[in-house]
Amino acid sequence: MKSCPLCASPLTTVEIGGRERVACPRCDFVHWDNPKPVTATLVPLDSGLVLVKRKFEPFVDWWCLPGGFMEHSEDPEESAIREVLEETGLSIEIDRLLGAHSPGRGINVVILFYLARSASGRLVPGDDASEVRAFRRHELPDNVAFELHRQMIEKWFEGNGSFVGTLPDVT
Ligand SMILES: [Zn+2]
């Protein structure tokens, strides 16, 4: 962002609240650059977890948990349910929120990890997935994208299908 979206003045960097912010010197605009919430859902199926193969950057052809960006005014659970349906063809019920984590490394999102209680329907890859399937622990692919996804998947299998403990700090 180079110019102010309100008055079109060139933006500068100022310190507000102990952090460097991009702000407008002429009006009150501050580019707060807050993280965007995304969901990622663990969907147990056939003694495994459902993963989707990514069709788009980043990590094309890598596998990950179904999920994505929340829409405007959407409830987080609704968002998780919608993303799973869009990407996998499955209708789920949410069991619970497992945790909310920031990946760090400059990736400006907060990932809400949900666990699905039940899943029904037929696996059909959505628009942004080239493949979708359930993996048992010994079948897990080597190319699972995103460190936090890998950790959540590992935790779930470690607990034999339940979820135990919290994640280590990965930042
Ligand atoms: Zn301005």
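Residues numbered from 1 in each chain as written. Predicted model: local features only at pLDDT ≥ 70, side-chain atom pairs only at ≥ 80, totals over all residues. Heavy atoms only, no water.

**Details of the sheet that holds strand β8 (residues 67-69)**
Consideration 1: What the 4 strands build is an open sheet, ordered β8-β4-β10-β9; its pairing is mixed. Single-partner strands in this sheet number two, and they are β8 and β9 (90-101). Geometrically, the sheet is characterised by an average inter-axis angle of 25° between neighbouring strands, direction not taken into account.
Consideration 2: The pairing of β9 with strand β10 (residues 109-121) spans 10 bridges and is antiparallel. Each bridged residue has a counterpart across the sheet, and for Ala-100 the counterpart in β10 is Leu-112.
Consideration 3: Sitting on the sheet, helix α1 (residues 76-88) touches β4 (36-42), β8, β9 and β10, and the angle it makes with β9 is about 125°.
Consideration 4: Each of β4, β9 and β10 is contacted by helix α2 (residues 147-158), which is oriented at about 45° to β10, the strand it contacts most. (Pairing = 2+ DSSP bridges. Helix = DSSP H or I, 4+ residues; strand = E, 2+ residues; numbered from the N terminus. Axes fitted to C-alpha atoms, helices over the stretch in contact; angles between N-to-C directions. Contact = heavy atoms within 4.5 Å.)

**A word on the layout of surface pockets**
A water-sized probe, rolled over the atoms, reveals where empty space remains.
Consideration 1: For the largest pocket, the calculated volume is near 600 Å³.
Consideration 2: For the largest pocket, the lining is made up of 28 residues, of which Val-38, Arg-54, Gly-68, Phe-69 and Phe-146 are closest to its centre.
Consideration 3: Only β4, β6 (48-54), β8, β10 and α2 provide two or more residues apiece to the lining of the largest pocket.
Consideration 4: Across the lining of the largest pocket, the residue classes tally to 16 nonpolar, 4 polar and 8 charged.
Consideration 5: Quantified by volume, the second largest pocket comes out at close to 210 Å³.
Consideration 6: In terms of lining residues, the second largest pocket is bounded by Thr-13, Arg-19, Glu-20, Arg-21, Val-22, His-31, Trp-32, Asp-33, Asn-34, Pro-35 and Asn-108.
Consideration 7: Top contributing element to the lining of the second largest pocket by residue count: strand β2 (residues 19-23), with 4 residues. (1 Å grid on protein atoms, 1.4 Å probe; cavity = no way out; pocket = protein on both sides within 12 Å on 5 of 7 lines; lining within 4 Å. Points joined across faces, edges and corners; volume = space filled by probe spheres on them. Nonpolar A, V, L, I, M, F, W, Y, C, P; charged D, E, K, R; others polar.)

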